[in-house]
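Understanding the architecture of this molecule
Each chain, letter by letter, is given below.
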Amino acid sequence: ARSLVAAGDESVVTPLSKLAKIGNVSLRRQILRAIARHIRSPEKEFVQVLIDLVYDEDAECREHAIRALATAKDARVNPTLVTLLKDQAEGVRRAALDSLARIAKGEALVHFVEALTDEVATVRLAALDAIAVVHGKSAKAAVERLAASDKDKAVRAKAKQVARRL
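Below you will find a few notes about this structure. Just so it is clear, the structure is predicted and the values come from calculations on it, not from any experiment.

Time to look at the layout of surface pockets. Considering only enclosed or pocket space, the largest pocket measures out at about 180 Å³ in volume. Lining of the largest pocket is provided by Val82, Leu85, Lys86, Asp87, Arg93, His111, Glu114, Ala115, Thr117, Asp118 and Glu119. A per-element tally of the lining of the largest pocket places helix 8 (residues 109–115) first, with three residues. Residue composition of the lining of the largest pocket, grouped by class: three nonpolar, two polar and six charged.

Below you can see the structure in the form of structure tokens.
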């Protein structure tokens, strides 16, 4: 899968995406990882296939599908990505934050601020990165509160850094 996708022939995307739907978990992971790394502007029909795959039973598959969606930069995926901010898997939540920052930009700022309260520090760090990417000045107060009171030292340090740049 990786070599086919890496060759740059986007005609392989639809057949690979069909395999990703029916293959075993390991195969789905490999296909989605290859697509996320190498496809730069997926066809619109393929975007829908990826949207379906973000609900895969396997968290790693969901994460790869989300990262592949980010390459599409298609605003139709924004509601799906917002829904995935509540996923049980922290990697999925982080991927959704990163993808929203790349696709929705400032439109998703309210969701980035909400993610600052996530119970997992790495998700809060991803939310800070998203706020920094979109230059979310209106989130400065929330970022400053996090810098002053978060229980995680790395989150406090990152929040201070982001607050200075806003």
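Within the fold, aspartate 129 resides in helix 9 (residues 121–133). Given the relative accessible area of 34%, aspartate 129 is considered partly exposed. Put simply, aspartate 129 and arginine 94 are 35 residues apart on the chain and 10.0 Å apart in space, counted from C-alpha to C-alpha. Among the polar contacts made by the side chain of aspartate 129, one reaches the side chain of lysine 158 at a distance of 2.8 Å.

Right, let's talk about the nonpolar core for a bit. With 52 residues, the main nonpolar core has Leu97, Phe112, Leu116, Leu128, Ile131 and Val143 as its most contacted residues. The element best represented in this core is helix 9, accounting for eight residues.

Right, let's talk about the pattern of salt bridges for a bit. Counted by the stated rule, this structure contains twelve salt bridges. The residue arginine 93 makes a salt bridge to aspartate 118 at a minimum N-O spacing of 2.8 Å. Residue arginine 93 is found in helix 7 (residues 90–103), and its partner aspartate 118 is found in the loop between helix 8 and helix 9; the two are separated by 25 residues along the sequence. Residue aspartate 118 is classed as buried on the basis of its relative accessible area of 12%. Aspartate 129 is the salt-bridge partner of lysine 158, the closest N and O atoms lying 2.8 Å from each other. Taken together, the positions of lysine 158 in helix 11 (residues 153–165) and aspartate 129 in helix 9 put the pair 29 residues apart, joining distant regions of the chain. Taken together, the shared-partner salt bridges connect Glu63, Arg67, Asp98 and Arg102 into one network.

Buried within helix 10 (residues 140–149) we find Ala142, Val143, Leu146 and Ala147. All buried residues of helix 10 lie within an arc of 140° about the axis, which places them on one face of the element. The outward face of helix 10, more than 90 degrees from its buried face, is lined by the exposed residues Arg145, Ala148 and Ser149. Buried residues belonging to helix 10 abut helix 8, helix 9 and helix 11.

This brings us to the side chain of aspartate 150. Residue placement: aspartate 150 occurs in the loop between helix 10 and helix 11. A distance of 2.7 Å separates polar atoms of two side chains, one belonging to aspartate 150 and the other to arginine 124. Aspartate 150 has contacts with Arg124, Arg145, Val155 and Arg156, leaving out every residue within four places of it along the chain.

Moving on to helix 5 (residues 59–72). For an α-helix, 3.6 residues make a turn, and residues three or four places apart therefore share a direction. An ideal rise of 1.5 Å per residue puts 20 Å on 14 residues; helix 5 measures up with 20 Å between its terminal C-alpha atoms. The N-cap residue of helix 5 is aspartate 58: its side-chain oxygen and the backbone nitrogen of glutamate 60 are 3.3 Å apart. A positive backbone phi angle near 50° is found at lysine 73, which sits one or two residues after helix 5.

So, on to the packing of helix 5 against helix 7. Contact geometry of helix 5 with helix 7 gives a least axis separation of 9 Å together with a crossing angle of 5°. By the angle class used here, helix 5 and helix 7 are roughly parallel. Counting all contacts with helix 5, which are made through Ala59, Arg62, Glu63, Ile66, Arg67, Leu69 and Ala70, the residues of helix 7 involved are Gly91, Val92, Ala95, Ala96, Asp98, Ser99, Arg102 and Ile103. Among the residues forming the contact of helix 5 with helix 7, the class breakdown is eight nonpolar, two polar and five charged.

What counts, and at which threshold
Residues numbered from 1 in each chain as written. Predicted model: local features only at pLDDT ≥ 70, side-chain atom pairs only at ≥ 80, totals over all residues. Heavy atoms only, no water. 1 Å grid on protein atoms, 1.4 Å probe; cavity = no way out; pocket = protein on both sides within 12 Å on 5 of 7 lines; lining within 4 Å. Points joined across faces, edges and corners; volume = space filled by probe spheres on them. Helix = DSSP H or I, 4+ residues; strand = E, 2+ residues; numbered from the N terminus. Nonpolar A, V, L, I, M, F, W, Y, C, P; charged D, E, K, R; others polar. Buried < 20%, exposed > 50% of the residue type's maximum accessible area, 1.4 Å probe, protein only. Polar contact = N/O pair within 3.5 Å; in protein donor to acceptor, adjacent residues only side chain to side chain. Core = buried A, V, L, I, M, F, W, Y, C linked by side-chain atoms within 4.5 Å. Salt bridge = Lys/Arg side-chain N within 4 Å of Asp/Glu carboxyl O. Arc of directions from axis to C-beta. Contact = heavy atoms within 4.5 Å. Expected span 1.5 Å × (residues − 1). Axes fitted to C-alpha atoms, helices over the stretch in contact; angles between N-to-C directions. Parallel < 35°, antiparallel > 145°, perpendicular 65-115°, else oblique.

None of the figures reported here should be taken as evidence of function without further support.
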